[in-house]
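Residues per chain, in single letters:
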Amino acid sequence: MKEFKGKILCLDRSDINTDEIIPAKYLTEIEKKAMQPHLLEDLVLDGFNVKRDLKDVAIIVTRENFGCGSSREHAPWALEVNGIYVVIAQSFARIFRQNMFNCGMLAITLKKQEIDILFDCCKAGDTFLSVDVETSLIQVTAPDKNLTLGFAISEFDKTLVQTGGWLEYADKNY
């Protein structure tokens, strides 16, 4: 995939850990699909309702240190099976970030000021993003706002995303 787009969900909290992304009791599941209804079910955040707020979401925007806690691929898998291929945050836990790229998904780091702009857009109403991996640009469309933000991505991580993840990359190159 080279372009990702859709409605965003803003989770205004730092340190959302992998147990909140997908509770540990579901780690014995052998199929990704079995994790689908449990994404973020243990996340406690004022005003957040998992059944209402995840509907039609393609991109999550959050604060610092997203994906901290236990290192596991299940957290990106739970996002992926729910159609969420992009997480944008001020920072990520190192292993979670790499697991996202290894799964062919995007973990985009933006400055606090840019994250604040995205949260302001969320407050204004439905906000949609289009992320172009090739140009490293994010197009934001919100009520009364249209803007473009740039992001940095290494060439190797870009290649992982464009080929669909580590397994696809390895099959193609080894």
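Residues numbered from 1 in each chain as written. Predicted model: local features only at pLDDT ≥ 70, side-chain atom pairs only at ≥ 80, totals over all residues. Heavy atoms only, no water.

Moving on to the state of the cysteines. Tallied over the full model, the rule gives 1 disulfide. In this model Cys10 forms its disulfide with Cys122; the gap between the sulfur atoms is 2.1 Å. Measuring the twist about the S-S bond at about 65°, one finds the Cys10-Cys122 disulfide to be right-handed. Linking Cys10 in strand β1 (residues 3-11) with Cys122 in helix α5 (residues 112-124), this pair joins segments that are 112 residues apart in sequence. According to the relative accessible area criterion, Cys10 is buried, its value standing at 18%. (Disulfide = S-S within 2.5 Å. Helix = DSSP H or I, 4+ residues; strand = E, 2+ residues; numbered from the N terminus. Buried < 20%, exposed > 50% of the residue type's maximum accessible area, 1.4 Å probe, protein only.)

Another aspect to go through is the sheet that holds strand β4 (residues 106-109). Read from one edge to the other, the open sheet built from 7 strands follows the order β4-β3-β2-β1-β5-β6-β7, with strand pairing classed as mixed. The sheet terminates laterally at β4 and β7 (145-150), the two strands that pair on one side only. For this sheet, the mean angle separating the axes of adjacent strands, direction not counted, is 25°. Note that β1 and strand β5 (residues 128-132) share 5 bridges and pair antiparallel. What sits directly across from Phe4, in β5, is Val131. (Pairing = 2+ DSSP bridges. Axes fitted to C-alpha atoms, helices over the stretch in contact; angles between N-to-C directions.)

We now examine the pattern of salt bridges. Inspection of the entire model under this criterion finds 10 salt bridges. Of the charged contacts, one joins Lys55 and Asp56 as a salt bridge, the two residues approaching to 3.8 Å between their closest N and O atoms. Each member of the pair Lys55 and Asp56 is classed as exposed. Lys158 is the salt-bridge partner of Glu155, the closest N and O atoms lying 3.7 Å from each other. With a gap of 3 residues between them, Glu155 and Lys158 both fall in helix α6 (residues 155-163), about one helical turn apart. Put simply, Asp12, Arg63, Lys112 and Asp116 are held in one network by salt bridges that share partners. (Salt bridge = Lys/Arg side-chain N within 4 Å of Asp/Glu carboxyl O.)

None of the figures reported here should be taken as evidence of function without further support.
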